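# An overview of the molecular structure
Listed below are the residues making up each chain.
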Amino acid sequence: MGIPTTSVAARVRHVWRLSERLREKAIEWAIRICGWSAIFFVLAIFFFVFREAAPMLLGGLDFKEFFTSPNWRPTSQVRPEYGILALLVGSLSLAGVAMAVAVPFGLGAAVFISEFCGGKTKETLKIVIELLAAVPSIVWGFVGLFVLAPLIVEWTGAQVGVNLLNAGIVVALMSVPIIVSIGEDALKAVPDSYREAALSLGASRWEIVYRVLFPAAKNGLLAAVLLGVGRAIGETMAVLMCTGHSINIPHSLLDPIRALTATIATELGDTVEGDEHWQALFTIGVVLFTITFVINLTADLVVKGIRSEKSA
Amino acid sequence: MSTVVEPAIPATTQTTMAATTQATNAIETRGLSLWYGDFQALKDVTIDVRPQMITSLIGPSGCGKTTLLRCFNRINERYGNVTTTGEVTILGKNIFDEDVSLSELRRSVGMVFQRPNPLPVSIYRNVLFGIRTHTRWRTFNRAQRDEMVESALRDVQLWGEVKDRLKSKATRLTLEQQQKLCIARLLPLKPRVILMDEPCSALDAEGTERVETLIGELRRTYTIVIVTHNMAQARRVSDECIFMLLGEIIEHSSTSDLFLNPKEEQTEMYIQGRYG
Ligand SMILES: Nc1ncnc2c1ncn2[C@@H]1O[C@H](COP(=O)(O)OP(=O)(O)OP(=O)(O)O)[C@@H](O)[C@H]1O
Ligand SMILES: [Mg+2]
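Residues numbered from 1 in each chain as written. Chains lettered and ligands numbered in written order. Predicted model: local features only at pLDDT ≥ 70, side-chain atom pairs only at ≥ 80, totals over all residues. Heavy atoms only, no water.

This part takes up the site of ligand 1. Residues and elements named next belong to chain B. Near ligand 1, the surroundings consist of 13 residues, among which Ser-61, Gly-62, Lys-65, Thr-66 and Thr-67 are the closest. Between ligand 1 and the protein, one listed contact pairs an oxygen atom with a backbone N or O atom of Gly-64 at 3.0 Å. Relative to its unbound accessible area of 640 Å², ligand 1 is 66% covered by the protein chains. Looking at which element gives the most residues to the shell around ligand 1, the answer is helix 2 (residues 65-71), with three residues. Class assignment for the residues of the shell around ligand 1 results in five nonpolar, six polar and two charged. (Near = heavy atom within 4 Å. Polar contact = N/O pair within 3.5 Å; in protein donor to acceptor, adjacent residues only side chain to side chain. Areas by Shrake-Rupley, 256 points an atom, 1.4 Å probe, with all protein chains shown as cover. Helix = DSSP H or I, 4+ residues; strand = E, 2+ residues; numbered from the N terminus. Nonpolar A, V, L, I, M, F, W, Y, C, P; charged D, E, K, R; others polar.)

Here you go:
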């Protein structure tokens, strides 16, 4: 029965409750749209890159030549050639050198942070690693050009300091933070009861690391490494500055190289939209996209592997 | 140390000990106190644990049973904030002496945890984990290793169930099998003392019964200290019983005495179920 005083209050409450339901719906939708848009953007990026590359990819690209010829001469007046072998080998060898440096350091640091230090040291190290991750690519490029290059010339007697080794080290430094933070997460996720079990059987801390933690966290550690590789393949600016940017299949660490990413970055501005060179660069884009997509997908599946194993 | 059979104690101590083994206690503590930060979890604990017997540690939750047990293999020290004073002598050797190797101590003092914690490797490797840390690579050939695994698993009545899947992951076993495996992996090390922290608390009634039987059989070979929440279990399995309260030892006597004629009023109240 509507006694005036309560009915006002009740009506306010009623309206409030209605609007609450509405607000909840709105928030739900907002979140949903955010989620979908992430997927949409990825697809859209792929679509646009693919669309630009399509005329070449689908019409008359000689795949054999594209992947096996080391001659990248897109601007030749006589006969332009589009062979990405040297660039592909450049990118992959760069990733290889970078990982050869970054994996031992990154995993070592992850083990140290998660197992061998505590309290203040741990926090400090984690902050330093995060700062390392926040350094812009171009700054790393400067470090390679003006710090590392002279050192390399001095130590190895190479003629130029910008080469595979230089870029490898710089990219390694850029991948280390990813490897450390994901690797540390993986180690942290290993139940403490495993450590106690091994300790109570007389194992030393090092033994625990390589006989218990590595096997137990191997999926997470592998994912860390794969994401590091993804970073190394995808990096552009620092790579452009430190590799020497010359088309060349490297035979030693001191050879300059050229990476796929840097090629796109430097040449795209000089092309006419839609011409053959432009399409070739976008085709390289598709290749890069595929490589990083496969790497990330593998890393993802590997991480999923840990989860399902844990629940088993 | 080159072979499995040698226990952790240096040879000299060991020979003198062998003669007096019947007389000495397996574990002696003198004025043992322990602090976590500034919280005192053990207060002046003095006990003698007799060899080749099962001694149970009972007491209400939080009274320091686990803490005391974890002093005996010094695994407490992995927490940074632990301070210990007093003496603990195991098999005639003060375990806080400078020259004690933690690894050797833990070889002769094995531990079974409350929650079964097999390592995430195969059953076979779990059983041999301890041996691998204590002996040089390839001290034992394939046949000897197989033999060690089989005998350890037989001793815990697990061989029949797992002999066809020794290479499969130990973490896939049932909890009962896991706990038996955790006991089995101590055996190749030939420990003298086995510490058990509520080893059956994760198991169902039948599992508990079977593990208790197993513990009973181990008594002949090992000195066993078992923490339990369950007074019926203490009565069933143990020869001697220690009752603790708030970090202190209240009473220590034979299990039947402790339950039938407790000397202390607090013990009586506890066994009548007045402390939870
Ligand atoms: N790592 C630690 N840091 C600080 N305090 C601790 C730590 N471990 C145990 N304690 C405290 O020490 C006291 C004794 O703990 P302990 O685990 O030995 O008891 P318990 O008798 O085993 O209990 P329960 O029956 O619950 O297992 C408790 O008050 C506990 O809160
Ligand atoms: Mg406990």
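A few words on the pairing of strand 6 (residues 109-112) of chain B. Regular strands place their side chains on alternate faces of the sheet. Residues and elements named next belong to chain B. Every second residue of strand 6 is oriented toward a common face, with Val-109 and Met-111 on one face and Gly-110 and Val-112 on the other, all of them buried. As judged from the four bridges shared by strand 6 and strand 7 (residues 193-197), these two strands associate in the parallel manner. Across the sheet, Val-112 pairs through a bridge with Met-196, a residue of strand 7. (Buried < 20%, exposed > 50% of the residue type's maximum accessible area, 1.4 Å probe, protein only. Pairing = 2+ DSSP bridges.)

Once that is clear, we can look at the packing of helix 6 (residues 164-188) of chain A against helix 9 (residues 218-234) of chain A. Residue and element names in this part refer to chain A. Taken N-terminus to C-terminus, the directions of helix 6 and helix 9 make an angle of 160°; their axes are 8 Å apart at the nearest point. Judged by the inter-axis angle, helix 6 sits roughly antiparallel to helix 9. The handedness of the crossing between helix 6 and helix 9 comes out as right-handed. Here Val-171, Met-174, Ser-175, Ile-178, Ile-179, Ile-182, Gly-183, Ala-186 and Leu-187 of helix 6 come into contact with helix 9, specifically with Gly-220, Leu-221, Ala-224, Leu-227, Gly-228, Arg-231 and Ala-232. Taken together, the residues of the contact of helix 6 with helix 9 break down into 11 nonpolar, four polar and one charged. (Axes fitted to C-alpha atoms, helices over the stretch in contact; angles between N-to-C directions. Parallel < 35°, antiparallel > 145°, perpendicular 65-115°, else oblique. Left-handed = near helix turned anticlockwise from the far one by under 90°. Contact = heavy atoms within 4.5 Å.)

Residues and elements named next belong to chain A. Together, Ile-138, Val-139, Phe-142, Phe-146, Val-147 and Met-237 make up an exposed nonpolar region whose accessible area comes to about 520 Å². Examining the composition of the nonpolar patch, we find that five residues originate from one element, helix 5 (residues 137-156), more than from any other. Following the sequence through the fold, Ile-138 ends up in helix 5. (Patch = residues over 30% accessible without salt bridge, like charges linked within 9 Å, V, L, I, M, F, W, Y side chains within 5 Å. Salt bridge = Lys/Arg side-chain N within 4 Å of Asp/Glu carboxyl O.)

Residue and element names in this part refer to chain A. The domain boundaries assigned to chain A delineate domain 1 (5-60) and domain 2 (72-311). The interface formed by domain 1 and domain 2 contains zero salt bridges. Counting across the interface, domain 1 meets domain 2 through one residue pair in polar contact (both at pLDDT 80 or more). Residues belonging to the side of domain 1 that touches domain 2 are distributed by class as follows: nine nonpolar, no polar and one charged. (Domains from an automatic or database assignment.)

The next point concerns the sheet that holds strand 5 (residues 93-94) of chain B. Residues and elements named next belong to chain B. Within the open sheet, the four strands sit side by side as 2-1-4-5. Their pairing is antiparallel. Each of the sheet's edge strands pairs with one partner strand only, and the pair in question is strand 2 (39-49) and strand 5. Here strand 4 (residues 82-90) runs beside strand 5; their pairing, made up of two bridges, is antiparallel. Directly across from Thr-89, in strand 5, lies its bridge partner Asn-94.

With that settled, the discussion passes to unusual backbone geometry. Residue Lys-190 of chain B is not a glycine yet carries a positive backbone phi of 50°. Its location among the elements puts Lys-190 of chain B in the loop between helix 7 (175-184) and strand 7.

Our next topic: the sheet that holds strand 3 (residues 54-58) of chain B. Residues and elements named next belong to chain B. Taken in spatial order, the six strands line up as 6-7-8-3-9-10 in an open sheet, and their pairing is mixed. Across the chains shown, the open sheet's two edge strands, defined by having one partner strand only, are strand 6 and strand 10 (248-254). This sheet shows a mean twist of 15° between the axes of neighbouring strands, independent of strand direction. Along the sheet face, helix 8 (residues 205-218) touches strand 3, strand 7 and strand 8 (223-227) and points at about 150° away from the line of strand 8.

Once that is clear, we can look at the interface of chain A and chain B. The accessible area lost on association of the parts is a frequent measure of interface size. Facing 18 residues of chain A, the contacting portion of chain B comprises 25 residues. Around 1800 Å² of area is buried between chain A and chain B when both sides are counted, 59% of it from carbon and sulfur atoms. Counting every contact that joins chain A to chain B gives three salt bridges. Considering each element in turn, the side of chain A that touches chain B owes the most residues, nine residues, to helix 7 (residues 192-200) of chain A. Residues of the side of chain A that touches chain B, tallied by class, amount to nine nonpolar, three polar and six charged. (Buried area = accessible area lost by both parts, 1.4 Å probe.)

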